[in-house]
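Per-entry structural report
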Amino acid sequence: EAVPLHSITQLMGNFIRLIAFWDSIRWRIVGYFSLLSLLGAYLGSLCFQYFNAQILEVLVGIFVLISIFLPEKSTKSLSNGMVVLLGFASSFLGMIV
């Protein structure tokens, strides 16, 4: 029951943020981010069955700990190619994790 409830909560929260910040959205970046997102999600769904859930839990925990203790980087802008790769990676990993 927790997963569908969490999904609905996330969906509603994201929709409300979309409406609230509509004027601030940089649609060109959204376009670049979306270019390979569907491919990443598709490939992630194909690879999902090959990952061990316990290993993924440990890796997610390690990632969270590393991201807490790493110093913040500068806020320089990313290239369009990097935004495309981030869209692919986030959708791929989102399907698996």
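Description of the structure in this document. The shown structure was predicted, so the numbers you read here are calculated from the model rather than taken from an experiment.

**Details of the overall build of the protein chain**
In terms of helices and strands, the protein chain carries 5 helices and 0 strands. When its helices and strands are written in sequence order, the protein chain yields α-α-α-α-α. Scaling as 2.2 N^0.38, a compact globule of 97 residues should have a C-alpha radius of gyration of about 13 Å, whereas the protein chain reaches 16 Å, well beyond that. Dimensions of the protein chain, computed from the C-alpha atoms along their principal axes, are close to 40 × 35 × 30 Å. Looking at the protein chain as a whole, 11% of its 97 residues are labelled buried. Sequence separation of 24 or more characterises 92% of the internal contacts of the protein chain that already satisfy a separation of 6 or more. Counting every atom, the protein chain has about 8,400 Å² of accessible surface; 71% of that belongs to carbon and sulfur.

**So, a nonpolar patch on the surface**
Together, Val60, Phe63, Val64, Leu65, Ile68, Phe69, Leu93 and Val97 line one region of the surface with nonpolar side chains, adding up to about 830 Å² of accessible area. For the nonpolar patch, the element with the highest residue contribution is helix H4 (residues 53–69), accounting for 6 residues. Position of isoleucine 68 among the secondary structure elements: in helix H4. Residue isoleucine 68 is classed as exposed on the basis of its relative accessible area, which comes to 54%.

**Looking at the packing of aromatic side chains**
Per the stated rule, a full pass over the model turns up 2 aromatic pairs. The interplanar angle of 15° and the centroid separation of 6.1 Å between the aromatic rings of phenylalanine 88 and phenylalanine 92 together place this pair among those described as stacked. Linking phenylalanine 88 with phenylalanine 92, this pair stays in helix H5 (residues 80–96), spanning 4 residues, or about one helical turn.

What counts and how
- Residues numbered from 1 in each chain as written.
- Predicted model: local features only at pLDDT ≥ 70, side-chain atom pairs only at ≥ 80, totals over all residues.
- Heavy atoms only, no water.
- Helix = DSSP H or I, 4+ residues; strand = E, 2+ residues; numbered from the N terminus.
- Rg over C-alpha atoms; globule rule 2.2 N^0.38 Å.
- Buried < 20%, exposed > 50% of the residue type's maximum accessible area, 1.4 Å probe, protein only.
- Contact = heavy atoms within 4.5 Å.
- Areas by Shrake-Rupley, 256 points an atom, 1.4 Å probe, with all protein chains shown as cover.
- Patch = residues over 30% accessible without salt bridge, like charges linked within 9 Å, V, L, I, M, F, W, Y side chains within 5 Å.
- Salt bridge = Lys/Arg side-chain N within 4 Å of Asp/Glu carboxyl O.
- Phe/Tyr/Trp six-rings, centres within 6.5 Å; stacked < 30°, edge-to-face > 60°.

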